[in-house]
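Next come the chains, spelled out residue by residue.
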Amino acid sequence: MKPSPKAVVLLSGGLDSATCAAQAIADGYDVIALSFNYGQRHDRELLAARELVSALDITEHQIIDINLAQWGGSSLTDRTMVIPTEGKDLDAKVIPSTYVPGRNTVFIAIALSLAEASGAIAIYLGINAVDYSGYPDCRPDYLAAFQTLASLSSKAGLENRAPKLVAPLISDSKVDIVHRALNLGVPIEKTWSCYSGEDLPCGRCDSCRIRNDALVKAGRRDLATFSEVTRPSPPDRTCHNDR
């Protein structure tokens, strides 16, 4: 029996990357999960990534240490900066403070190295429409430029077999991603999207707010985690004589 082609999947432990990994498996790939300990405030998402690898029956998981916190520049790596809450960064017409300078560029470059060394023909990335509205390294033109770089910067590229960068969620809203995750059997309860490293998601940071809003709109309020501050009022049960 011919072995399945390999794909490297950037797996942070969040909803998007977990859905991306499940999509790669559904697309027929033997997945190599790639996660990073990049100096983020907590390792809770890495614990989630390990749980997801087990739940999705992924046999190879590489975790790479790169300390981007040495120079900070992001509220995700610099403890002197305040993590945005109350949707403040969501309304601003500026790049959010949670943007980590160069993070995706570093991650994809390492994924290309791993893919070439392991013979993987694809790299799956969980970037999507919600992200590229604010993050410069989540845009389609950024992805296209990196694909060109992949073809120019490696032996595999010169031999016309550079790994293909695949972003299956690029045009999805967060609600679309939830529906896709449910259809693919992703254990959403095992994913971690919160910027906080507490025992439970904070429910207040922008990532929690986007996630919870999508889960509610997708009809899965049971999977959302609200703080007492952000917990919505019970739905109106008043009869409106709908027929």
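Description of the structure in this document. Residues take numbers from 1 onward in each chain, read along the sequence in its written order. Selection of residues for local features in this predicted model requires a pLDDT of at least 70, selection of side-chain atom pairs for listing and counting requires 80 or more, and totals for whole chains, interfaces and linings are taken over all residues. Side-chain metrics rest on all non-hydrogen atoms present in the structure, leaving aside hydrogens and water.

## Notes on the pairing of strand β2 (residues 30-37)
And step 1. Between buried and exposed lies partly exposed: a residue is buried under 20% and exposed over 50% of the maximum accessible area for its type, with that area taken using a 1.4 Å probe on protein chains only. Only runs of H or I of at least four residues qualify as helices and only runs of E of at least two qualify as strands under DSSP, and these elements are numbered from the N terminus. Of all 8 residues in β2, 6 are buried, a share of seventy percent or more.
And step 2. Relative to β2, strand β1 (residues 6-10) runs parallel, the two sharing 5 bridges. Opposite V9, over in β2, you have A33 as the bridge partner.
And step 3. Taken together, the 6 bridges between β2 and strand β3 (residues 60-65) define a ladder with parallel strand orientation. Its bridge partner being in β3, F36 is matched across the sheet by I64.
And step 4. A clockwise path from the first strand over the helix to the second, with the strands pointing away from the viewer, defines a right-handed crossover. Between the parallel pair β2 and β3, the chain is carried across by helix α2 (residues 44-55), and the sense of this crossover is right-handed. Strands are treated as partners if at least two bridges between them are detected by DSSP.

## Topic: the nonpolar core
And step 1. With 36 residues, the main nonpolar core has V8, L10, I108, I123 and L165 as its most contacted residues.
And step 2. Every element with two or more residues in this core is listed here: β1, β2, α4 (103-118) and α6 (140-152).
And step 3. Top contributing element to this core by residue count: α4, with 6 residues.
And step 4. We call two residues contacting when some pair of their heavy atoms lies within 4.5 Å. Apart from the residues lying within four places of it in its own chain, the contact partners of V8 are I32, L34, A111, L114, A115, A120, A122, I123 and Y124.
And step 5. Nonpolar cores were defined as sets of buried Ala, Val, Leu, Ile, Met, Phe, Trp, Tyr and Cys residues, with membership established by side-chain atoms within 4.5 Å. Membership of the second largest hydrophobic core comes to 31 residues, among which are A22, L215, A224 and F226.

## Focus: the packing of helix α8 (residues 174-184) against helix α9 (residues 206-217)
And step 1. Where helices are involved, their axes are fitted lines through C-alpha atoms of the stretch in contact, as for all axes, and angles between N-to-C directions lie from 0 to 180°. Where α8 contacts α9, the two axes come as close as 8 Å, and the packing angle between them is 65°. As α8 runs across α9, the sense of the crossing is right-handed. Residues K174, V175 and V178 of α8 touch α9, and the partners they reach there are I210, A214, L215 and K217.
And step 2. Only Asp, Glu, Lys and Arg are considered charged in this grouping, and only Ala, Val, Leu, Ile, Met, Phe, Trp, Tyr, Cys and Pro are considered nonpolar; every other residue, Gly among them, is considered polar. Tallied by class, the residues present in the contact of α8 with α9 amount to 5 nonpolar, no polar and 2 charged. By convention, the crossing between two helices is left-handed when the near helix turns anticlockwise from the far helix through less than a right angle, and right-handed when the turn is clockwise.

## With respect to the packing of aromatic side chains
Each aromatic ring pair is specified by the distance between its two centres and by the angle formed by the two planes.
And step 1. Stacked, edge-to-face and tilted labels apply to pairs of Phe, Tyr and Trp rings (six-membered ring for Trp) whose centres lie within 6.5 Å, assigned for plane angles under 30 degrees, over 60, and everything in between, in that order. Per the stated rule, a full pass over the model turns up 5 aromatic pairs.
And step 2. Consider the rings of Y99 and Y135, whose centres lie 6.2 Å apart with planes at 55°: the pair is tilted. Here Y99, found in the loop between α3 (88-91) and α4, pairs with Y135, found in the loop between α5 (129-132) and α6; they are 36 residues apart in sequence, far enough to count as distant.
And step 3. Look at Y142 and F146: their rings are 5.8 Å apart centre to centre, the planes differ by 65°, and that puts the pair in the edge-to-face class.

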